[in-house]
Amino acid sequence: MHYKSFLTIIFLLLLKLTFAQHIIRPEGKYVIGDTIIEVKVYKEDNEIREFKEIKGTETEFYNRYDLNSKILREEGKFYKGYWSGIVKFYDAKGKLEKTIDYDNSIKTLFKKKKEPFDELFTKIKSKADSLLIQKFGLHFFENHVIQNTNQSYYYASGTSGSWFEVPNYKPYEFLMRYDIKLKDGERFLVYEFELDSNGNLKKESSIKTISNIKNNILLTIKSADSIALLNGLTEKDKPFTYEFECIIDSLQKSKYYLQFSITGKPFERKNNGSEFTEYCCKINLNPFTNEFINKEIIEIITIVCH
């Protein structure tokens, strides 16, 4: 082998090794340009946790390292305070052992075939899916509904956890939550119900019947903004907030209709001692037809704790 070629290969290998390793800063808070980095050490858990937040966004990147070996054990990101995208888990030697795709509610194991109570979780998920399909139809479910695994929980003897946390004891109850997912990827929590360990609805739990569901494509945030700007909101009211709401059907009291709301930032604020009231303009739409329903002024009361 030519001497220069040999040196080039060595250099590239060293470069790859250098960039493959994670630089772990000492415990503390750092501001680098638009990035805020916070490093926390947990000696009792033998962990180092690193958080990176880009200013002006709601996304935070997370790494967890072994305190002694400095090997990366977990990496992922949070969006609006919840896991988002793919979270990766590594063993004590740094080998990938598991991924969880929170955007699609999928867990993938690489070093073993299953984790404790996987069969039970699979059964409960299947039961919950079936209940929603019976209510709303397969087409709507497959195209617009997805489990919110961040906010779905199991309950076991003396403990509880979110859907993808591995329990130490057999769960006896589950709180299932599902989002409506728009075409542009935005998700909104809408459905919530409880199941026992056999997958049966708890007596005090129910799934609301939505009377105005249609199989056509749901609105997008872009189309909702356009309608809101034509019916009372302005660019000065941004950033908007969005929400799906289940409203009792005035003609059929046992049923609900689904509406989508766009709310502008407060245009007025009144202080009253230990609390203050903010006033906002809110536009309500039919999410299936993009039809404007109404405009209203809402009050948001906040209690100040001293």
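In this convention, every chain numbers its residues from 1, walking through the sequence in written order. Given that the model is predicted, a residue must reach a pLDDT of at least 70 before its local features are reported, and side-chain atom pairs must reach 80 or more before they are shown or counted; all residues, however, enter totals for whole chains, interfaces and linings. Excluding hydrogens and water, the side-chain values take into account all heavy atoms of the structure.

Caption draft 1: Summary view of the environment of glutamate 27. Among the structural elements, glutamate 27 can be located in the loop between α1 (3–20) and β1 (28–32). Here the term buried applies to any residue with accessible area under 20% of the maximum for its type, exposed to any over 50%, and partly exposed to those in between, with areas from a 1.4 Å probe on protein chains only. The exposure class of glutamate 27 is exposed, given its relative accessible area of 52%. Residues glutamate 27 and phenylalanine 117 lie 90 residues apart in sequence; the distance between their C-alpha atoms is 37 Å. Excluding residues within four positions of it along the chain, glutamate 27 makes contact with Val39, Lys40 and Val41. N or O atoms within 3.5 Å of each other form a polar contact, as long as, within protein, one can give a hydrogen and the other can take it, and as long as residues adjacent in sequence are counted only when both atoms are side-chain atoms. Of note is the side chain of glutamate 27, whose polar atom sits 3.2 Å from the backbone nitrogen of valine 41. What counts as a helix is a DSSP run of H or I of at least four residues, what counts as a strand is a run of E of at least two, and both are numbered from the N terminus. Contacts between residues were defined by any pair of non-hydrogen atoms, one from each residue, lying within 4.5 Å.

Caption draft 2: Structural view of the side chain of serine 261. With respect to the helices, strands and loops of the structure, serine 261 is situated in strand β15 (residues 256–263). Each residue touching serine 261, except ones within four places of it in the same chain, is listed here: Thr241, Tyr242, Glu243, Glu245, Lys282, Ile283 and Asn284.

Caption draft 3: Region of interest: the nonpolar core. The term nonpolar core refers to a set of buried residues drawn from Ala, Val, Leu, Ile, Met, Phe, Trp, Tyr and Cys, joined through side-chain atoms within 4.5 Å. In this structure, Leu132, Met176, Tyr178, Ile180 and Tyr191 are the most contacted members of the largest nonpolar core, which totals 49 residues. If one sorts the elements of this core by residue count, helix α2 (residues 118–136) sits on top with 6 residues. In this structure, Val39, Ile48, Leu67 and Tyr90 belong to the second largest nonpolar core, which totals 7 residues.

Caption draft 4: Representation of the pairing of strand β7 (residues 96–101) in the model. We treat two strands as partners when DSSP finds at least two bridges between them. Sheet topology note: the strand β6 (residues 82–90)/β7 ladder contains 5 bridges and is antiparallel. From the neighbouring strand, tyrosine 90 faces β7, where its bridge partner is leucine 96. Here β6 folds back onto β7 in antiparallel fashion, the turn holding 5 residues, of which glycine 94 has a positive phi close to 90°. As paired elements, β7 and strand β8 (residues 106–109) share 4 bridges and run antiparallel to each other. Following the sheet pairing, aspartate 101 is matched in β8 by isoleucine 106. Counted along the chain from β7 to the antiparallel partner β8, the turn is 4 residues long, and its residue serine 105 has a positive phi close to 55°.

Caption draft 5: Summary view of unusual backbone geometry. Note that the residue after lysine 238, namely proline 239, is joined by a cis bond; omega there is 5°. Structurally, proline 239 can be placed in the loop between α4 (221–230) and β14 (241–248). Positive phi values are uncommon outside glycine, yet asparagine 46 reaches one of about 55°. Here asparagine 46 is to be found in the loop between β2 (35–42) and β3 (47–54). We classify asparagine 46 as partly exposed; its relative accessible area is 24%. Backbone geometry places lysine 70, a non-glycine residue, at a positive phi of 65°.

Caption draft 6: Structural view of the pattern of salt bridges. Salt bridge, as used here: a side-chain nitrogen of Lys or Arg that lies within 4 Å of a carboxyl oxygen of Asp or Glu. A complete count under the given rule lists 15 salt bridges for this structure. For aspartate 91, the salt bridge goes to lysine 111, with nearest N and O atoms at 2.4 Å. In this pair, aspartate 91 sits in the loop between β6 and β7 while lysine 111 sits in the loop between β8 and α2, placing the two residues 20 residues apart along the sequence. The closest approach of N and O atoms between glutamate 173 and lysine 202, which form a salt bridge, is 3.2 Å. Here the residue glutamate 173 occupies a position in strand β12 (residues 173–181), and lysine 202 occupies one in the loop between β13 (187–196) and α4, the gap between them amounting to 29 residues. For glutamate 173, a relative accessible area of 14% corresponds to the buried category. When salt bridges that share partners are traced, they join Glu47, Arg49, Arg64 and Glu74 into one network.

Caption draft 7: Summary view of the pairing of β6. Here 5 bridges tie strand β5 (residues 72–79) to β6, and the two strands are oriented antiparallel to one another. Counterpart to tyrosine 79 in the pairing with β6 is tyrosine 82. Taking the residues between adjacent antiparallel strands as the criterion, β5 and β6 are bridged by 2 residues, where lysine 80 takes a positive phi near 55°.

Caption draft 8: Region of the structure containing the sheet that holds β6. Spatially, β1-β2-β3-β4-β5-β6-β7-β8 is the arrangement adopted by the 8 strands of the open sheet, whose pairing is antiparallel. Strands at the two margins of the open sheet, each flanked by one partner only, are β1 and β8. Across the sheet, the mean angle separating the axes of adjacent strands is 15° when strand polarity is ignored. All axes here are fitted lines through C-alpha atoms, helices being fitted over the stretch that makes contact, and every angle between N-to-C directions spans 0 to 180 degrees.

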